[in-house]
Amino acid sequence: QVQLVESGGGLVQAGGSLRLSCAASGRTFIFSDYNMGWFRQAPGKEREFVAAITWNSGSTYYADTVKGRFTISRDNAKKTVYLQMNSLKVEDTAVYYCAAGGGSVSVSEYGAWGQGTQVTVSS
């Protein structure tokens, strides 16, 4: 069984930055075997893809809405995936979730999810 715990969310002004972390644990979970993704869900909206990274950091993928502003990275030794968010906009306000699994843009491709961390961007 895998546990994913996000941290680093908070309240920030538009134009500011935040760095989210997601720490993985689990007796049989081999972090370096999995692609990882970040998703977000705003009130009243569907959960949407933000970014993904392959197991060896060989490839990264981003939603068009965050490309050039957000950077996903991972440290397999620390079993942690990060999301550096710069130039934040009010529309980035959402609960951010990390997920382990397919590495695609589809929610259904991911089998394990964290509990989420709130990011609020004020104008």
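Model, not experiment: these values are computed from the prediction.

Rules used in this analysis
- Residues numbered from 1 in each chain as written.
- Predicted model: local features only at pLDDT ≥ 70, side-chain atom pairs only at ≥ 80, totals over all residues.
- Heavy atoms only, no water.
- Core = buried A, V, L, I, M, F, W, Y, C linked by side-chain atoms within 4.5 Å.
- Buried < 20%, exposed > 50% of the residue type's maximum accessible area, 1.4 Å probe, protein only.
- Helix = DSSP H or I, 4+ residues; strand = E, 2+ residues; numbered from the N terminus.
- Contact = heavy atoms within 4.5 Å.
- Salt bridge = Lys/Arg side-chain N within 4 Å of Asp/Glu carboxyl O.

**Q** I'm lost on the nonpolar core in this one. Help?
**A** Core analysis: the biggest nonpolar cluster contains 35 residues, and Trp38, Val81, Leu83, Met85 and Tyr96 have the highest contact counts within it. For this core, the secondary-structure elements that each account for two or more residues are strand E3 (18–25), strand E4 (35–41), strand E5 (48–53), strand E7 (70–75), strand E8 (80–85), strand E9 (94–101), strand E10 (110–113) and strand E11 (117–122). With residues up to four places along the chain from it excluded, the contact list for Met85 reads Gly16, Ser17, Leu18, Leu20, Arg69, Phe70, Tyr96 and Val119.

**Q** Any chance you could explain the pattern of salt bridges here in plain terms?
**A** Any two side chains of opposite charge can pair, given that their charged atoms come close. Summed over all chains, the structure comprises 4 salt bridges. The partner of Asp92 in a salt bridge is Arg40, with the nearest N and O atoms 2.9 Å apart. With Asp92 in the loop between E8 and E9 and Arg40 in strand E4, this pair connects stretches of sequence that are 52 residues apart. On the basis of relative accessible area, Asp92 is assigned to the buried category, the value being 1%. The salt bridge partner of Lys67 is Asp64, with a shortest N-O separation of 3.2 Å.

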